[in-house]
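# Report on the structure
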Amino acid sequence: MNTLTIDQLELKGVLRLTRGEIMKSDSEIANSAPILRPSDVVHNRAPEWESEESDEPLHVDLPTARIGDVAVCLHFAPGSTCSITESFDGAIPTKGIVLVSINGNQSVDHDYLKSWLLSGVLKIELERLQIGSHMATVKMSDLKQVRVPIPDVSIQKQLIKAVVDARKSLVILGELVHESNRLLRLQNDLLLANLNQMNQR
């Protein structure tokens, strides 16, 4: 199996890394667009907006999160990732975040690479490299040196299918747990009602 560093994948045009440029306290920008902070990535929550939506476009050329990108934390919880969905679209990342745009090519499947970035393996790799005890941090150069396993494309597609199937199974299991809990509550309610009736006699 071949492995390539994130830097090599970027040089081949498979990935594009864009580091956030603003401080989280930049109030001018916070009034114009949602700010994507590391804590938003860690908790996978939509970034807050300091003001109401306005029709005025942001007049600053800054990196912006787009649907399909992956946000990677370099600060706070290095290696934490989240997929940019509609709730994150258009957010401006702070300096502690790198946006990864995935292009894919004939030898690297887009979905495989995205699944790998979101799998937690990157977090494990970056936690080994973090510096700082108060605010854990990883350097961009360290992120670029992380090695990504690149199996044959047919194996990448099999792995993606397995991940998709596992996620579907998790959804079904979650629904079964929810329904089982509902039935148990109903059974307990019926038992309590019967006990109350028996005690009233």
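Our subject is the structure listed above.
Our subject in this report is the structure included herewith. (Residues numbered from 1 in each chain as written. Predicted model: local features only at pLDDT ≥ 70, side-chain atom pairs only at ≥ 80, totals over all residues. Heavy atoms only, no water.)

## As for the pattern of salt bridges
The tally for this structure, following the rule as stated, stands at seven salt bridges. Two residues, Lys144 and Glu10, come together in a salt bridge whose shortest N-O distance is 3.3 Å. Of this pair, Lys144 sits in helix α6 (residues 140-145) while Glu10 sits in helix α1 (residues 6-11); the two residues are 134 residues apart in sequence, bridging distant segments of the chain. Residues Asp109 and Lys157 are paired through a salt bridge, measuring 2.9 Å at the closest nitrogen-oxygen approach. Pair noted here: Asp109 is in the loop between β7 (97-102) and α4 (110-118) and Lys157 is in helix α7 (residues 153-200), with a separation of 48 residues, a long-range link. By relative accessible area, which is 47% here, Lys157 ends up partly exposed. (Salt bridge = Lys/Arg side-chain N within 4 Å of Asp/Glu carboxyl O. Helix = DSSP H or I, 4+ residues; strand = E, 2+ residues; numbered from the N terminus. Buried < 20%, exposed > 50% of the residue type's maximum accessible area, 1.4 Å probe, protein only.)

## Things to note about the nonpolar core
Generally speaking, a soluble globular protein has its nonpolar side chains buried in company with each other. Counting 26 residues, the largest nonpolar core has Ile6, Leu9, Val100, Leu113, Leu122 and Leu143 as its most contacted members. Of all the secondary structure elements, the ones that give two or more residues to this core are α1, β2 (15-19), β4 (70-73), β7, α4, α5 (121-129), α6 and β8 (147-150). Broken down by element, the residue count for this core peaks at four residues, all from α4. In this view, Leu113 contacts Leu9, Val14, Leu15, Ile102, Val108 and Val148; residues no more than four positions away in its chain are not counted. The next biggest cluster of nonpolar side chains, apart from the first, holds 11 residues, and it includes Ala65, Ala71, Cys82 and Ile97. (Core = buried A, V, L, I, M, F, W, Y, C linked by side-chain atoms within 4.5 Å. Contact = heavy atoms within 4.5 Å.)

## Points about unusual backbone geometry
Phi is positive for Phe76, which is not a glycine, with a value near 75°. Considering the arrangement of structural elements, one finds Phe76 in the loop between β4 and β5 (81-83). What makes Phe76 partly exposed here is its relative accessible area of 43%.

## Remarks on the side chain of Ser83
Mapped onto the fold, Ser83 is located in strand β5. Within polar-contact distance, the side chain of Ser83 engages the side chain of Lys114 at 3.1 Å. (Polar contact = N/O pair within 3.5 Å; in protein donor to acceptor, adjacent residues only side chain to side chain.)

## A look at the sheet that holds β7
Paired through backbone hydrogen bonds, the strands of a sheet run either parallel or antiparallel to each other. Strand order in the open sheet formed by four strands is β2-β7-β4-β5, with antiparallel pairing between adjacent strands. In the strand order of this sheet, the two ends are held by β2 and β5, each with one partner. Put simply, the sheet's adjacent strands are angled 25° from each other on average, direction ignored. The sheet contact formed by β4 and β5 spans three bridges and is antiparallel. In the sheet register, Ala71 faces β5, and the bridge partner there is Cys82. (Pairing = 2+ DSSP bridges. Axes fitted to C-alpha atoms, helices over the stretch in contact; angles between N-to-C directions.)

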